[in-house]
Amino acid sequence: MTGPESTAPKLREDDPIKVLFDMASYWATIWSLIALCLWFEHEVLKRLDIESSSVRVAILLVSTPAIFLATVTRIQKSPKALLILERARYVVILVAAALLGAYLHANHKDDSYENALRDGAVLTCLKIASCKAAATGYANTR
């Protein structure tokens, strides 16, 4: 029998896949933090009822980097916050992958021959009354 240890190969610190994942996850976490800051500021500016869009843009351009840098320096000083960020980057990657999958699924265009054939059959069947009735009967009994 085998022991309880994992049979998955261990990644070395200099493994290119690990290095690439670490870089991608850190940058994705940083950009998601920037997006969160922008969203939060946008919500605050909406509640303040500032009408001018140029004033909103100016406020966002000044305050977003300031909030981001203050957050990053605070995270670097706190070991507990650093540990949370370290774990959150995996969640960020999972959320980004889910959003990308949802986007690709919503914008998928099937240009295959089978899809064109099916569409042509449906459109032709709609023009023939007996075919439409038979298809409706088949769908209702299914």
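What you see is a predicted model, and the numbers here were worked out from it, not measured in a lab.

(A) Structural view of the confidence of the model for the chain. Summarising the model, the chain shows a mean pLDDT of 81, and 92% of its residues fall at 70 or more. No element of the chain has a lower mean pLDDT than helix H4 (residues 113-127), at 82, and none a higher one than helix H3 (residues 79-106), at 85.

(B) Local environment of the state of the cysteines. Using the criterion set out here, one finds one disulfide in the structure. Two residues share a disulfide in this structure: Cys 125 and Cys 131, whose sulfurs sit 2.1 Å from each other. Torsion about the S-S bond of the Cys 125 and Cys 131 cystine: about -110 degrees, corresponding to left-handed handedness. Cys 131 gets classed as partly exposed once you look at its relative accessible area, which sits at 29%.

(C) The packing of aromatic side chains, seen in detail. Tallied over the full model, the rule gives one aromatic pair. Ring plane angle 20 degrees and centroid distance 5.6 Å describe the contact between Phe 21 and Tyr 90, whose orientation is recorded as stacked. Taken together, the residues Phe 21 in helix H1 (residues 16-48) and Tyr 90 in helix H3 connect sequence positions 69 residues apart. Above the plane of the ring of Tyr 26 lies Arg 89, whose end atom (NZ or CZ) is 4.5 Å from the centre.

(D) Molecular detail of a nonpolar patch on the surface. A cluster of nonpolar side chains, namely Leu 36, Trp 39, Phe 40, Val 44 and Leu 48, defines an oily patch on the protein surface of about 540 Å² accessible area. Position of Trp 39 relative to the elements: it lies in helix H1.

The rules behind the values
Residues numbered from 1 in each chain as written. Predicted model: local features only at pLDDT ≥ 70, side-chain atom pairs only at ≥ 80, totals over all residues. Heavy atoms only, no water. pLDDT = per-residue confidence, 0-100. Helix = DSSP H or I, 4+ residues; strand = E, 2+ residues; numbered from the N terminus. Disulfide = S-S within 2.5 Å. Buried < 20%, exposed > 50% of the residue type's maximum accessible area, 1.4 Å probe, protein only. Phe/Tyr/Trp six-rings, centres within 6.5 Å; stacked < 30°, edge-to-face > 60°. Lys NZ or Arg CZ within 6 Å of the ring centre and 35° of its normal. Patch = residues over 30% accessible without salt bridge, like charges linked within 9 Å, V, L, I, M, F, W, Y side chains within 5 Å. Areas by Shrake-Rupley, 256 points an atom, 1.4 Å probe, with all protein chains shown as cover. Salt bridge = Lys/Arg side-chain N within 4 Å of Asp/Glu carboxyl O.

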